[in-house]
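So you can see what is in the structure, the chains are spelled out below.
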Amino acid sequence: MIVHVIDGTYELFRHFYGQRSWNKGKDKPLGAVAGVLHSVLEMIETGATHVGVATDHVIESFRNDLWPDYKTGEGIDPVLNAQFLPLEDALAAMGVAVWPMIELEADDGLASAAHLASGDPRVEKVCIWANDKDLAQCVRGDRVVQIIRKGMQVRNAEAVRAKFGVEPELIPDYLALVGDAQDGYPGIRGIGPSGAAALLNKYGPIESFPPNALGSERDHAILFKTLATLRTDAPLFADVDEMEWRGPTAGFADWATRIDDKRLVARADAAVGVRDRRAATHDPVTSGEK
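What comes next concerns the included structure.

How each quantity is defined
Residues numbered from 1 in each chain as written. Predicted model: local features only at pLDDT ≥ 70, side-chain atom pairs only at ≥ 80, totals over all residues. Heavy atoms only, no water. Helix = DSSP H or I, 4+ residues; strand = E, 2+ residues; numbered from the N terminus. Axes fitted to C-alpha atoms, helices over the stretch in contact; angles between N-to-C directions. Parallel < 35°, antiparallel > 145°, perpendicular 65-115°, else oblique. Left-handed = near helix turned anticlockwise from the far one by under 90°. Contact = heavy atoms within 4.5 Å. Nonpolar A, V, L, I, M, F, W, Y, C, P; charged D, E, K, R; others polar. Buried < 20%, exposed > 50% of the residue type's maximum accessible area, 1.4 Å probe, protein only. Arc of directions from axis to C-beta.

### Points about the environment of Asp89
Part 1: Structurally, Asp89 can be placed in helix α5 (residues 84–93).
Part 2: Between the C-alpha atom of Asp89 and that of Pro100, which follows or precedes it by 11 residues, the distance is 9.9 Å.

Here you go:
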């Protein structure tokens, strides 16, 4: 069994701005939602059987209470913002496990799903479809990997070390030191990627640093590490079989009409046929990576 967990928020942004590049500003109200659904169906067509999508039901999380400059939903295009909640409902209608995150972020949902799934001995591999650097902390050998959409890079533990210079477990410490502009915290002044990796490889996690290593910035570093550390305790599912795609619900046709993309129904029905033929012939499940 290979499990796929997807960053629904990133996928929504990706399709929205991808469509903006050619639609000359004439956005379909639910065009990005349709794009995400087609992407998930493509994964199912190419062999994915167990799929879950984490979304930011709201952009803000508990981290906003810890750091005033942490990212918010301010500035999101209204047409894009209006598609967040419909995406969750449309995915559920298509029969896909979806986890809307409120106090936590979508990245916490992905980390929790990967943690839960990798604890099941039936699971051969977990693929985290997300671009955010902080998801690298979830990578474990070749069993839990991160798939970067740009270039379709598969980032295993060796690739994480090559990219950042530290083990996956030290990614929160690394980000605390270098900062993450996308999430809104600056890191520690004077410490760049090479310096951060050198310190972490010499001393281990920030808590193990000698007092003079960070000086007065130590408390900030600990706080930023808290911001960068993904939660793995979200109770998303009790059994990984809850993620198995069994086809669309009866209400999916109505959603396809609302989205104004009738191709979705035919494609979902065809994906059911592919799934059934694969099961009948006992074909091995592929990773769904393409």
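### Concerning the packing of helix α8 (residues 171–178) against helix α11 (residues 218–228)
Part 1: One way to put it is that α8 packs onto α11 with a least axis distance of 8 Å and a crossing angle of 125°. Comparing the axis directions of α8 and α11 gives the class oblique. Pair α8 / α11 crosses with right-handed handedness. Contacts between α8 and α11 involve Pro172, Asp173, Leu175, Ala176 and Leu177 from the first element and Ala221, Phe224, Lys225 and Ala228 from the second.
Part 2: Of the residues assigned to the contact of α8 with α11, the class counts are seven nonpolar, no polar and two charged.

### Some points on unusual backbone geometry
Part 1: Positive phi outside glycine occurs at Met152, with the angle close to 50°.
Part 2: Along the chain, Met152 falls in the loop between β5 (144–148) and β6 (153–155).
Part 3: Overall, the relative accessible area of 28% leaves Met152 in the partly exposed class.
Part 4: One non-glycine residue with positive phi stands out, namely Asp260, at about 65°.
Part 5: Among the structural elements, Asp260 can be located in the loop between α12 (252–259) and α13 (263–281).

### Things to note about α11
Part 1: If you check which residues of α11 are buried, you get Ala221, Phe224, Lys225, Leu227 and Ala228. An end-on view of α11 places all buried positions within 155° of arc, on one side of the element.

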